[in-house]
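As a plain string of letters, each chain reads:
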Amino acid sequence: MQPMIKVDNLTKRYAGVTALDNVTFEVKPGEIVGFLGPNGAGKSTTMRILTGFIPATAGRAHVAGVDVFENSLEVRRHIGYMPENNPLYEDMRIQEYLRFRARLKGLGRARRKERVERVLELCGIRDVRRRVIGQLSKGYRQRVGLADALLSEPDLLILDEPTIGLDPVQIRQVRQLIRDLGREHTILLSTHILPEVEMTCNRVLIIHRGRILASDTPDNLTKTLRAGGEIQVEVHGPLDAVRARIRDLPEVESLSAKGLNDGYVRLLVQPKGETDPREQIFRAVTAGGWTLRELSRARTTLEDIFVQITREEDEAEEDRREGRRRMR
Amino acid sequence: MKNVPTLLRRELGAYFASVMGYVVIMFFLLVMGIFFALVVSFLSRQPTQLTAMKLVFSMFWLPGLVVVPAITMRLLAEEKRMGTIEMLMTAPVTHFEVVFAKWLGAVALYALMWAVTGLYIVILRQFAGNPQALDIGPILAGYVGVLVIGQFLISIGVLASALTKNQVAAALMSFTLIFLMTLVVYWVSSLFPGGKWGDFFQFLSPFKHMDDFSRGIVDVRPLVLYLSGSALMLFITTRLVQLRKWR
């Protein structure tokens, strides 16, 4: 099947700054892909290149098989785009704005009428359709942006930070809407909020300093880093004896122990390499005749992965710089 | 160019959705109205060869200097400042369609303002003792001149608006450029009386052309000059918007 988005070796340089560095990725039809990265990582730049708003310095990009640089107008017909900060004409009324956008997107009269009604309904802004956009709350503005993106029933939705600035209830509504839309559309959304991707996306692209560092399902990403996670143990027994017994296990790299008020000892165990020493810890505790009330492994969240991957990348960058300095 | 009607509708709506459209029209009608009253009282005291409408048309530079920057400063600067240019340019429309519709919207507003001065003719017809003074040919030619020169000045304003995202800076830039193109060029032409350079600057200056138009002479040369001039401005503006390097 032809990929919905195909990006090959895309590079974007602004006066001296490399915003995108040789980025390559694909998005298949029907996927909801989350672009995850800190501010300034290159998420918006990638989206702006895909929507034809800015040119790339080097590389190729295709949307629905159409070349983004050769045939930008055709590509734009396939995309519903909601830019960062969701800019809208403040002086227009919601309904008037959506009709204007529908006309710009080339929808015929009958279809225009039907689609405007449909997206007003879908985004829950039918009751406020006559309000002036400049007077709307952030949540409503966001929905108008989303309604606009959906107008032409595009194959691909590109949403840049769709939940930024919303309150928790609105965030939940927008996420639900995105999940629903994902049944019929391919979606590329960006965020720097981790739970957002975990909740809405089938796949995550982690981008940092203009490079893609990881691409996988949220589950797989957490799994690969799960082995090697910290283990929390609570044992009823003398602090020193418990600490000594568990530290001596061959699978344990290091640990910290602390006595609790109720006679229990809490240990945080760092296993060696990718081992899982929970069984050995259990045996060691029962062999000592102590009571065990907790033996659990901290669930690695995407947040940990994200911090770990970006830190590794930063350290590698630091090493490269160090190396260059030495060569001089 | 199929998106131009849609974009034009939006542009005209924007003038009247904000207070700007009304303020500019009010300014124009007030200034021109006062001037018209002065002209009429002057002519009724001291009859000359000049007609009332010819004197009104000779004031074209004042709305050119003030009204044109006021109606063009917003056009692209505001889209850039608000970020709405991103919504606009990621819809399936071309850069030229956008620039052209903005220019056309401003020209339409400008034409609308001048159209109101048609009332002066009604007033003159009602009260003038001499109906010959209201020869319709020179009046129509005068309106052609006002429109042709005005659309060129507007294209300068559109260009200035594409250079910055600050509306005030855009207004000052177009004021300066229009000042150069009208009064300064006229002044320079008077420095070289009769010579080759004098002719050149006089051809660039709109005053001589306006004088011809309001006498009923519709020459092709100024029409070509101003239409090709604004085509060039709109072309440069389109390239500027494409570059997206603005501050």
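Residues numbered from 1 in each chain as written. Chains lettered and ligands numbered in written order. Predicted model: local features only at pLDDT ≥ 70, side-chain atom pairs only at ≥ 80, totals over all residues. Heavy atoms only, no water.

**Overview of the interface of chain A and chain B**
Across the boundary between the two partners, chain A contributes 23 residues, which contact 22 residues of chain B. Buried area between chain A and chain B, both sides added, is near 2300 Å², and the carbon and sulfur share of it is 61%. Inspection of the region where chain A meets chain B yields 2 salt bridges. Close ionic contact of A:Asp91 with B:Arg10 constitutes a salt bridge, the shortest N to O distance being 3.1 Å. For the pair chain A and chain B, the number of links is 8 residue pairs in polar contact (both at pLDDT 80 or more). Breaking the side of chain A that touches chain B down by element, the ones donating at least two residues are helix 2 (72-78) and helix 3 (94-104) of chain A. Looking at the side of chain A that touches chain B, the element that brings in the most residues is helix 3 of chain A, giving 5 residues. (Contact = heavy atoms within 4.5 Å. Buried area = accessible area lost by both parts, 1.4 Å probe. Salt bridge = Lys/Arg side-chain N within 4 Å of Asp/Glu carboxyl O. Polar contact = N/O pair within 3.5 Å; in protein donor to acceptor, adjacent residues only side chain to side chain. Helix = DSSP H or I, 4+ residues; strand = E, 2+ residues; numbered from the N terminus.)

**So, a negative patch on the surface**
A grouping of A:Glu312, A:Glu315, A:Glu318 and A:Asp319 is seen on the molecular surface, where their side chains present a negatively charged patch. By the element assignment, A:Glu318 lies in helix 11 (residues 302-327). (Patch = residues over 30% accessible without salt bridge, like charges linked within 9 Å, V, L, I, M, F, W, Y side chains within 5 Å. Areas by Shrake-Rupley, 256 points an atom, 1.4 Å probe, with all protein chains shown as cover. Lys, Arg positive; Asp, Glu negative; His and termini not counted. Charge placed at Lys NZ, Arg CZ, Asp CG, Glu CD.)

**Notes on unusual backbone geometry**
Residue and element names in this part refer to chain A. The backbone of asparagine 86 shows a phi angle near 50°, a positive value even though the residue is not glycine. Checked against the element boundaries, asparagine 86 lands in the loop between strand 6 (79-82) and helix 3. Residue asparagine 86 is classed as buried on the basis of its relative accessible area, which comes to 2%. With a phi angle near 50°, glutamate 161 is a residue other than glycine that sits in the positive phi range. Along the chain, glutamate 161 turns up in the loop between strand 7 (156-160) and helix 6 (168-181). (Buried < 20%, exposed > 50% of the residue type's maximum accessible area, 1.4 Å probe, protein only.)

**Focus on helix 10 (residues 167-189) of chain B**
Residue and element names in this part refer to chain B. Taking 1.5 Å per residue, 23 residues should reach 33 Å; helix 10 reaches 32 Å between its end C-alpha atoms and fits that length. Largest kink in helix 10: about 40°, centred on leucine 180. Buried residues of helix 10: Gln167, Ala170, Ala171, Ser174, Ile178, Thr182, Val185, Val188 and Ser189, and no others. Of the residues that open helix 10, the one with a side-chain oxygen 2.9 Å from the backbone nitrogen of valine 168 is asparagine 166. (Expected span 1.5 Å × (residues − 1). Bend = angle between axes of the 7 residues up to and from the residue.)

**Describing a positive patch on the surface**
All names here are of chain A. A contiguous patch of positive charge, built from Arg93, Arg99, Arg109, Lys113 and Arg130, is present on the exposed surface. By the secondary structure assignment, arginine 93 is in the loop between strand 6 and helix 3. Residue arginine 93 is classed as partly exposed on the basis of its relative accessible area, which comes to 42%.

**Thoughts on the packing of aromatic side chains**
Counted by the stated rule, this structure contains 18 aromatic pairs over all chains. Here a set of aromatic residues connected by ring pairs shows up, and it is made of B:Phe28, B:Phe57, B:Trp114 and B:Tyr143. Its guanidinium or amino end placed over the ring of A:Tyr264, A:Arg293 lies 3.8 Å from that ring's centre, counting from NZ or CZ. The lysine or arginine in question, B:Arg74, covers the ring of B:Tyr15, its NZ or CZ lying 5.1 Å from the ring centre. (Phe/Tyr/Trp six-rings, centres within 6.5 Å; stacked < 30°, edge-to-face > 60°. Lys NZ or Arg CZ within 6 Å of the ring centre and 35° of its normal.)

**Considerations on the sheet that holds strand 3 (residues 32-36) of chain A**
Residues and elements named next belong to chain A. Strand order in the open sheet made by the 6 strands is 6-7-8-3-9-10, with mixed pairing throughout. In the strand order of this sheet, the two ends are held by strand 6 and strand 10 (211-216), each with one partner. Averaged over all neighbouring strand pairs, the angle between strand axes comes to 15°, with direction disregarded. Judged from the 4 bridges that link them, strand 6 and strand 7 form a sheet pairing that is parallel. When the bridges of strand 7 are listed, isoleucine 79 appears paired with leucine 156. Each of strand 3, strand 6, strand 7, strand 8 (186-191) and strand 9 (203-208) touches helix 1 (residues 43-50); the most contacted strand, strand 8, lies at about 145° to it. (Pairing = 2+ DSSP bridges. Axes fitted to C-alpha atoms, helices over the stretch in contact; angles between N-to-C directions.)

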